[in-house]
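# Notes for the structure review
Chain residues, written in single-letter form:
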Amino acid sequence: MSRGLGDVYKRQVTSIGEYAFSDWLDLEKITLPDCTKSIGAFAFGSCQRLEEVFIPSSVVSIGERSFEHCYMLQRINIPNSVTSIGEGAFSNCWRLKNITLPNTITSIIGWTFSMCGLTEINIPSSVTSIGTYAFEGCNDLIKVHIPDSVTTIGRGAFDCCFSLERIVIPLSFSKSFESITLSCTCSFSLNIWLCFKSASTSVVLPWSTCAIIAIFLMFSFIIFPLLFSLYFYVDFYITNPY
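Residues numbered from 1 in each chain as written. Predicted model: local features only at pLDDT ≥ 70, side-chain atom pairs only at ≥ 80, totals over all residues. Heavy atoms only, no water.

## Comments concerning the overall build of the protein chain
Heads up, the condition is: Put simply, DSSP marks the helices as runs of H or I at least four residues long and the strands as runs of E at least two long, and each gets a number from the N terminus on. Classification of residues uses two cut-offs on accessible area relative to the type maximum, computed with a 1.4 Å probe and protein chains only: under 20% is buried, over 50% is exposed, and between them is partly exposed. Two residues qualify as a contact provided that any one of their heavy atoms is within 4.5 Å of a heavy atom in the partner residue.
Secondary structure summary: the protein chain contains 3 helices and 15 strands in total. Burial statistics for the protein chain: of 242 residues in total, 43% are counted as buried. Of all intrachain contacts in the protein chain linking residues separated by at least 6 positions in sequence, the fraction that spans at least 24 positions is 27%.

## Description of the sheet that holds strand β6 (residues 75-76)
As a reminder, the rule being used: Here a strand pair is declared whenever DSSP counts at least two bridges between the two strands.
Here 3 strands make up an open sheet; going across it, the order is β2-β4-β6 and the pairing parallel. Lying at the two open borders of the sheet, with one neighbouring strand each, are β2 (29-31) and β6. Examined bridge by bridge, strand β4 (residues 52-54) and β6 share 2 bridges and lie parallel to one another. Note that in β6 the partner of Glu 52 across the bridge is Arg 75.

## Description of the side chain of Ser 126
Selection criterion: N or O atoms closer than or at 3.5 Å make up a polar contact, with two conditions inside protein: a donor-capable atom paired with an acceptor-capable one, and, for residues adjacent in sequence, both atoms drawn from side chains.
Along the chain, Ser 126 falls in the loop between β9 (120-122) and β10 (129-130). There is a polar contact of 2.6 Å between the side chain of Ser 126 and the backbone oxygen of Ile 105.

## Observations regarding the confidence of the model for the protein chain
The following threshold applies: Looking at any residue, its pLDDT shows the predictor's confidence there, from 0 to 100.
Model confidence for the protein chain is summarised by a mean pLDDT of 79, while 67% of its residues fall at 70 or above. For residues 176-207, every residue scores under 50 in pLDDT, and the model assigns this stretch 78 contacts once sequence neighbours within four places are set aside.

## Topic: the packing of aromatic side chains
Going by this rule: We call Phe, Tyr and Trp rings a pair once their centres come within 6.5 Å, taking the six-membered ring for Trp, and we label the pair stacked below 30 degrees between planes, edge-to-face above 60, and tilted otherwise.
For the coordinates displayed, the defined rule picks out 10 aromatic pairs. With a centroid separation of 5.2 Å and an interplanar angle of 80°, the aromatic rings of Phe 21 and Trp 24 are classed as edge-to-face. The same class applies to Phe 21 as to Trp 24, namely buried. Seen in terms of ring centroids, Phe 21 and Phe 44 are 5.3 Å apart; in terms of plane orientation they differ by 5°. Their pairing is stacked. Here Phe 44 lies in the loop between β3 (38-39) and β4 and Phe 21 lies in the loop between β1 (15-16) and β2, a separation of 23 residues in the sequence. Its relative accessible area of 0% is what places Phe 44 among the buried residues.

## Considerations on the pattern of salt bridges
The condition that has to hold: Between Lys or Arg on one side and Asp or Glu on the other, a salt bridge is scored when a side-chain nitrogen of the former is within 4 Å of a carboxyl oxygen of the latter.
Going through the model one piece at a time under the given rule, you end up with 4 salt bridges. Glu 68 is the partner of Arg 65 in a salt bridge, and the nearest nitrogen-oxygen pair spans 2.8 Å. Under the relative-accessibility criterion, Arg 65 is labelled buried at 18%. For Asp 140, the salt bridge identified is with Lys 97, shortest N-O distance 3.0 Å. Residue Asp 140 is located in the loop between β10 and β11 (143-145), and its partner Lys 97 is located in the loop between β7 (84-85) and β8 (107-108); the two are separated by 43 residues in the primary sequence. Judged by relative accessible area, Asp 140 falls into the partly exposed class, the value being 33%.

## With respect to unusual backbone geometry
The residue Ser 46 is not glycine, and still its phi comes out positive at about 60°. At His 69, a position not held by glycine, the phi torsion is positive, near 65°. Of note, His 69 is situated in the loop between β5 (61-62) and β6. You can call His 69 partly exposed: its relative accessible area is 23%.

## Comments concerning the nonpolar core
This is how it is decided: Here the nonpolar core consists of buried residues drawn from Ala, Val, Leu, Ile, Met, Phe, Trp, Tyr and Cys, with membership extended through side-chain atoms lying within 4.5 Å.
Among the nonpolar cores identified, the biggest contains 51 residues, and Phe 44, Phe 90 and Phe 135 are the most heavily contacted of them. Apart from residues no more than four positions distant in its own chain, Phe 135 is found in contact with Ile 108, Phe 113, Ser 114, Leu 118, Ile 121, Ile 123, Ile 130, Leu 141, Ala 157, Phe 158, Asp 159 and Cys 161.

## Describing the sheet that holds β8
Read from one edge of the open sheet, 3 strands run β8-β10-β12, paired in parallel fashion. Whereas interior strands pair on both sides, the edge strands pair on one side only; in this sheet they are β8 and β12 (152-153). Bridge analysis of β10 against β12 gives 2 bridges, and the strand direction is parallel. Across the sheet, Ile 130 pairs through a bridge with Ile 153, a residue of β12.

This is the structure:
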């Protein structure tokens, strides 16, 4: 057991307070006791050698930035008892490749997983909103599945996810297509796919196809008419100089 965590077990505390273990550079593994109900803001923030965390099913809330800047964190469980995860709770967890979100949370607040090492994320069907910059800067993120329950995606939610290849968005999404693309600045990269789905249909549009269509339409309705008009204009003055 790491130095200092013994007191947590001895006193049978029900909550880990704000900044309780922040900046502990020798902390590598945490197993919280079953009596724990909440993890406070910045509780384990900047524990730069922390690699593994076990959260018991008694915990109902994880505070804001509670594991921020835990660069070495690779394994952490979020039990079904958790109903809220604070802003930036796992931001800058560079080695966190996988995480399973429980069906008990209803929103992913802003900056929750920003700058993480996640490669894939499945949003549970209980979630109705994804906050501003929630997954911003997840450079290794390849696939994202957003369920039909989500009605709001904040600006920059998937900004600078340069490896993103596929993102699934509900056909019934309440916001405009422009809002979705604004939430994913990197979606203008040609390797992004937007999959609009419903219960009966699934339409997949690669951005490369969209780009080709856009270029074709631009030439069809703008460039070609201009060239055509210029040709007759020049031809007219050549054949009729005066």
